[in-house]
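# Commentary on secondary and tertiary structure
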Amino acid sequence: MSVKKQIQDLRDELREHNYNYYVLDNAIINDYEFDVKLKTLQELEEKHPEYFDENSPTLRVGGAVTKNFNTVVHAQRMYSLDNSYSLEDLKDWETRIKKLIDGEVEYVCELKYDGASISLTYENGKLLRAVTRGDGVQGDEVTANIKTIKSVPLQLKGEYPLKFDIRGEIVLPIDGFNKMNEERLANGEEAYRNPRNTASGSLKLQDSSEVAKRPLECLLYNLTGNNLGVNSQFESLELARKMGFKVPKAAKLVNSIDAVFEFVNYWDKARHDLPYETDGVVIKVNNLFHQDELGFTSKAPRWAMAYKFKAEQVSTKLNTISYQVGRTGAITPVANLEPVELAGTTVKRASLHNADQIEKLDIRINDTVFVEKGGEIIPKIIAVNLSQRPLDSQKTEYIKHCPECETALVRIEGEAKHYCPNYNGCNPQIVGRVQHYISRKAMDIEGLGGETVSLLVDSGLVSNYADLYRLTKDQVMPLERMAEKSAENLIAGVEASKKIAFERVLFAVGIRFVGETVAKKLAKHYKNINALMMASAEDLEKVDEIGVRIAESVVDFFSSEENIETIKRLKEFGVQLEISAEKLANQTDKLKGQVFVVSGVFEKVSRTELKKMIEDNGGKVSSSISAKTSFVIAGDKMGPSKKEKADKLGVSLLSEDDFLDILK
Ligand code: AMP
Ligand code: ZN
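Residues numbered from 1 in each chain as written. Chains lettered and ligands numbered in written order. Predicted model: local features only at pLDDT ≥ 70, side-chain atom pairs only at ≥ 80, totals over all residues. Heavy atoms only, no water.

Regarding its fold elements, the protein presents 25 helices and 20 strands. Expected size for 664 residues packed as a compact globule is a radius of gyration near 26 Å; at 28 Å, the protein falls within 12% of this value. Counting every atom, the protein has about 33,800 Å² of accessible surface; 49% of that belongs to carbon and sulfur. Here the protein carries 90 positive and 101 negative side-chain charges, and the mean point of each set is 1 Å from the other. (Helix = DSSP H or I, 4+ residues; strand = E, 2+ residues; numbered from the N terminus. Rg over C-alpha atoms; globule rule 2.2 N^0.38 Å. Areas by Shrake-Rupley, 256 points an atom, 1.4 Å probe, with all protein chains shown as cover. Lys, Arg positive; Asp, Glu negative; His and termini not counted. Charge placed at Lys NZ, Arg CZ, Asp CG, Glu CD.)

Structure (structure tokens):
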């Protein structure tokens, strides 16, 4: 037998053993036999580097070190999920679905694995890359680390689509987690807090051989791509299993919300016997065509819903209340608690949100309180145990002055939060604004982190984000933990931010209530900062989805001399303060004032592209037909009830070609 063939056979054989052991949990040979084969393969590969294969089972032990993880944009955004907590919530969800879908709807119930989400890209049966969820639009490439996780196939089995993405969750099973902690404690190291954080921290380790030592697993739940040859979520799970992925068996196909609820109730108890942690159930509309019809909100798919298991509760004592000042000057009261174990973590603090919340709970220092932790990271105080309230207890007085700068706080009518109005002199506001400016979704300045920003502000080098652009290497070198290289990276990162698109700059400058989506809308409408600066509140309110609150806040921002000066400086430094010519060329006002509903399957362009075309040309996309709808773009397989509704309301139907003609 040729060496090449020998190597290939060993690789195939070891792959199969890995699959049996890690995916099917059903080992056929023992560890010793496996190790002998692996060693033989290793030796052969060493002697014959000409047969190198980056997906060889020998490379599972890791070794590659990643210093900086590449940012990769997801081919399809990784959305979040809407949450439900009761049977009523689920029924409401079904009602919303039934408005958009005709006929029977089937659901797939899956467990919601509690770990770190991951997107794997396969091409020609081989793992090409693995990317973390990041902010949903783009994440970090962590391929070298993911390759060390044995349940991730490096080479697929059977028949597979040429190219696709598969999404799942990297989890750390509880046994493995406990074992890691035993070892850490034995070595005098601090124990890890919980499996979920440890799993997600593992993905960003620089040394992949460290990752290889951790007993991580990858559980898959979603296939995306073109021509996958499946018509439903359930089929796609089966296809994933056939290709060699680990897809938990719990997934169940049902045809009513009552059956969904049975699944939920069953697993609420049974989940405690699972080897890994789950924090709920994810319910998905099974039919992929239905999924497509339902589409997405700005945050989550309409065709999926998470059901959160009832959170665990504990009671503990409230020691003190402290007050934090955010970048907008908003004050957040925080409860400092007697540390207590809750759902695997030690809880010491909980958010109290605002003065109303304190009033409502009538929460007082030295009270015994009930704390709850759902999926979210920050625990919540649910109630006070009044029977244990000390007799001398005093009602909580909300602070009247900023804890950082002593300025008298203000509360704008209709708003829950108090604010410190000392915009230019309150340290956490200054630091917070610069931190927001450099953050990932804003200017994404690499080489500059939140702590360095504090140092820059404290040292007087920066008092406003425009100051970043004047920094020199010599100025930043003396800062704590700075070295020549990191100083250079910082300067280069700041320089690179001059290429960031206008809409993100508009988000970055930190106008209150102007989040990412609003910034996009404003950028698109006004096209450059000058036009926006000149806009009156009435003018702004005419922009789609901009209300009084936002309009006033924008006007307010640009009425400040300081802000105008800052913007002027940004402009001088070369930051993008207008839409790029290229983007402008693709946008028109042709569909201004018109509302479209897109339904069915299309031939020439995808539904997503259609929607983008509508928006780029000034139109609006809505998901259901109403009296406000101007046109329905009807593709193949459009539901009969939609057609009926359009007819009844006298809304005209356009074919795909009609629509494309209009835009020509
Ligand atoms: P959340 O982060 O609470 O908005 O929930 C969304 C996350 O749930 C996704 O990003 C996934 O990482 C995770 N998840 C866990 N299990 C599943 C599942 N079976 N289907 C979809 N998402 C899941
Ligand atoms: Zn202040």
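Having seen it, we continue.
Once that is clear, we can look at the nonpolar core. The nonpolar side chains of a soluble globular protein tend to be buried, and buried together. In terms of nonpolar packing, the biggest core is built from 56 residues, with Y437, L468 and L522 touching the most fellow members. Counting contributing residues, this core receives three or more from each of domain 4 (427-499) and domain 5 (502-585). Counting 36 residues, the second largest nonpolar core, distinct from the first, contains A130, V152, L203 and A240. (Core = buried A, V, L, I, M, F, W, Y, C linked by side-chain atoms within 4.5 Å. Buried < 20%, exposed > 50% of the residue type's maximum accessible area, 1.4 Å probe, protein only. Domains from an automatic or database assignment.)

For D25, which is not a glycine, the phi torsion comes out positive at approximately 55°. You can see D25 is positioned in the loop between α1 (3-23) and α2 (31-47). Taking the relative accessible area as the measure of exposure, D25 reaches 57% and is therefore exposed. The phi dihedral of F513 is positive, around 75°, even though this residue is not glycine.

Moving on to the coordination of the zinc ion (ligand 2). Taken together, the protein ligands of the zinc ion (ligand 2) are C402 (SG), C405 (SG), C420 (SG) and C426 (SG), with distances of 2.2 to 2.3 Å. All donors of the zinc ion (ligand 2) come from a single chain, and their spacing in sequence reads C-x2-C-x14-C-x5-C. Note that C402 is positioned in the loop between β16 (380-384) and α12 (427-438) and C420 in the loop between β16 and α12, a separation of 18 residues in sequence. By relative accessible area, which is 1% here, C402 ends up buried. Residue classification places C420 among the buried residues on the basis of a relative accessible area of 3%. (Donors = N, O, S within 2.8 Å, 3.2 Å for Na, K, Ca; no water.)

Within the secondary structure layout, D467 lies in the loop between α13 (450-458) and α14 (473-476). In this structure, D467 is in contact with L461, V462 and R569, ignoring residues within four places of it in sequence. (Contact = heavy atoms within 4.5 Å.)

Now for the domain arrangement of the protein. Bring the parts together and some accessible area is lost; that lost area is often taken as the interface size. You can read the domains of the protein as domain 1 (3-61), domain 2 (83-308), domain 3 (312-422), domain 4 (427-499), domain 5 (502-585) and domain 6 (595-663). Taken over C-alpha atoms, the centre of domain 4 sits 23 Å from the centre of domain 5. Contact residues are listed per partner, giving 15 residues for domain 4 and 15 residues for domain 5. The largest share of the area that domain 4 buries against domain 5 comes from K441, Y465 and K498, three residues that together contribute 35% of it. Residue D467 is joined to R569 by a salt bridge in which the shortest nitrogen-to-oxygen separation is 2.7 Å. For the pair domain 4 and domain 5, the interface holds 9 residue pairs in polar contact (both at pLDDT 80 or more). For the side of domain 4 that touches domain 5, a count of residues per class yields 6 nonpolar, 2 polar and 7 charged. (Buried area = accessible area lost by both parts, 1.4 Å probe. Salt bridge = Lys/Arg side-chain N within 4 Å of Asp/Glu carboxyl O. Polar contact = N/O pair within 3.5 Å; in protein donor to acceptor, adjacent residues only side chain to side chain. Nonpolar A, V, L, I, M, F, W, Y, C, P; charged D, E, K, R; others polar.)

Next up on the list: the pattern of salt bridges. By the definition in use, this model includes 42 salt bridges. Put simply, E293 and R607 hold a salt bridge, and the shortest N to O gap is 3.5 Å. One end of the pair, E293, is in helix α10 (residues 288-294); the other, R607, is in helix α23 (residues 607-616), and 314 residues separate them in sequence. Accessibility expressed as a relative area gives 7% for R607, which makes it buried. One salt bridge connects D362 with R389, and the closest N-O pair in it is separated by 3.1 Å. Residue D362 is located in the loop between α11 (355-361) and β15 (368-373), and its partner R389 is located in the loop between β16 and α12; the two are separated by 27 residues in the primary sequence. The buried category is assigned to R389, whose relative accessible area is 17%.

With that settled, consider the side chain of K284. Structurally, K284 is set in strand β10 (residues 278-285). Assessed through its relative accessible area of 7%, K284 is described here as buried. Beyond its immediate stretch of four places on either side in the chain, K284 contacts E106, Y107, V108, E110, Y221, Q233, W303 and A304.

Before going further, it helps to spend a moment on a positive patch on the surface. Taken together, the side chains of R96, K99, K645 and K648 define a basic patch exposed on the protein surface. Looking at the positive patch, the elements with two or more residues in it are α3 (87-100) and α24 (640-649). Positionally, R96 belongs in helix α3. Overall, the relative accessible area of 46% leaves R96 in the partly exposed class. (Patch = residues over 30% accessible without salt bridge, like charges linked within 9 Å, V, L, I, M, F, W, Y side chains within 5 Å.)

Take the pairing of strand β17 (residues 595-599) next. β17 sits mainly inside the fold: 5 of its 5 residues count as buried. Residues of β17 alternate between two faces, with V595, V597 and S599 on one and F596 and V598 on the opposite face, all of them buried. Considered for its hand, the β-α-β crossover made up of β17, α23 and strand β18 (residues 620-622) is right-handed. Where β17 and strand β19 (residues 631-634) come together, 4 bridges link them in parallel fashion. (Right-handed = clockwise from strand over helix to strand, strands pointing away. Pairing = 2+ DSSP bridges.)

Moving on, we come to the site of ligand 1. Near ligand 1 lie 13 residues; those nearest to it are S80, E110, R133, E169 and K284. In the environment of ligand 1, an oxygen atom lies 2.4 Å from a nitrogen or oxygen atom belonging to the side chain of E169. One nitrogen or oxygen atom from the side chain of Y221 is found 3.2 Å from an oxygen atom belonging to ligand 1. Within the residue set of the shell around ligand 1, elements represented by two or more residues are β3 (107-113) and β10. Here the element with the most residues in the shell around ligand 1 is β3; it accounts for 4 residues. Its residues placed into classes, the shell around ligand 1 shows 5 nonpolar, 2 polar and 6 charged. (Near = heavy atom within 4 Å.)

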